[in-house]
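# Architecture and fold: a report
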Amino acid sequence: MGFLDILLGRTKAVAPDLDQLFGLPSAALTLQAAAGFTPTGTGAVCFASVEGGAFAQAHQEVQELLDADAERTGPPVEVSRDEYGYSWLVSRREPDDLPALVSDLHAVNSALEGSGFGPQLLCSVVGFQDTGQRRLGLVYLYKRGTFYPFAPLAGEAQRRDNALELQVKATLADDLRIEQDLSRWFPIWGAPGL
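Computed from a predicted structure; not experimentally measured.

## As for the overall build of the chain
Helix and strand content of the chain: five helices and six strands. In the chain, the order of α-helices and β-strands from amino to carboxyl end is α-α-β-α-β-β-α-β-β-β-α. Among the 194 residues that make up the chain, the fraction classed as buried is 43%. Contacts spanning at least 24 positions in sequence make up 63% of the contacts within the chain whose residues lie at least 6 apart. Working note: accessible area of the chain is about 9900 Å², and carbon and sulfur atoms make up 53% of it.

## A closer look at the confidence of the model for the chain
Here the chain shows a mean pLDDT of 85. Residues at 70 or above account for 82%. Put simply, helix H1 (residues 3–8) is where the chain has its lowest mean pLDDT, 55, and strand S6 (residues 146–150) is where it has its highest, 97.

What counts, and at which threshold
- Throughout, a residue's number is its position along its own chain's written sequence, starting from 1.
- For a predicted model such as this one, the threshold for reporting local features is a pLDDT of at least 70, and the threshold for listing and counting side-chain atom pairs is 80 or more; totals across whole chains, interfaces and linings nevertheless cover every residue.
- Derived side-chain values reflect all non-hydrogen atoms in the structure, with water molecules and hydrogen atoms excluded from consideration.
- For the purposes of this entry, the term helix denotes a DSSP run of H or I that reaches at least four residues, the term strand denotes a run of E that reaches at least two, and both are numbered from the N terminus.
- Working definition: with a 1.4 Å probe on protein chains only, accessible area under 20% of the residue-type maximum means buried, over 50% means exposed, and in between means partly exposed.
- What makes two residues a contact is simply this: any of their non-hydrogen atoms within 4.5 Å.
- Note on areas: Shrake-Rupley, 1.4 Å probe, and residue coverage restricted to the protein chains presented here.
- Per-residue confidence from the predictor is given as pLDDT, running between 0 and 100.

Now the structure itself:
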C-alpha cells in the first residue's frame with residue numbers, strides 16, 4: 001500500500017485464508033458449551049454462477065470429487081440456486097462429523113479458486129441449532145477472510161435475531177476471526193440448511 005492510498009483512505013483487500021475454515025470444529029465446541037448450539041450437519045458454499053464451459057467443467061469436477069467420498073452417508077452433494085440467482089453447493093454429513101463437513105467446504109472453495117474462479121466465491125456457511133430449534137449459521141466471507149453469525153428468526157418474515165448474533169460474536173471472539181464491520185454481516189435468506 002502506497003503513501004497515496006493512505007492519504008486517500010484506501011485499504012488493501014484482505015486475501016482469503018481458507019484454512020480459517022478449520023477453526024470451525026473448535027468454535028463449535030465453544031458454541032455448544034456457551035450457548036447450547038450444535039451443528040446440523042449441513043454446510044454450503046455460495047458462488048456467483050458464471051456461464052461458460054470452463055466454469056461448468058470446474059463445477060462438475062468439484063461435485064464429482066465430493067460425491068465420490070465413500071464415507072459419505074445420506075444424500076450426495078447437491079446444487080441449488082436461490083431466489084437472488086446465486087448458486088449453492090450443499091454438503092450434508094452426520095451432525096457430529098463437523099471436521100468432514102469443513103473439509104468438504106474447504107475442498108469446494110479450493111477447487112474453484114484453483115480453477116481461476118475465486119472472484120465468484122462469496123461465502124461458506126455451516127448450520128447450527130439449539131434445543132429450542134433456533135437456527136444459526138456461521139458464515140465465512142471469502143473475500144474478507146472473516147466469519148460472522150447469522151441468526152434468522154422462525155417464520156415467514158425476513159427477520160434476524162440480532163441479540164443472538166452479538167452474543168455469538170462475543171462467544172467466538174477467541175476461536176474465529178470475526179468480521180468487525182457489522183455492515184458486512186449480510187443476511188443470507190434462503191441459504192440451504194438454515
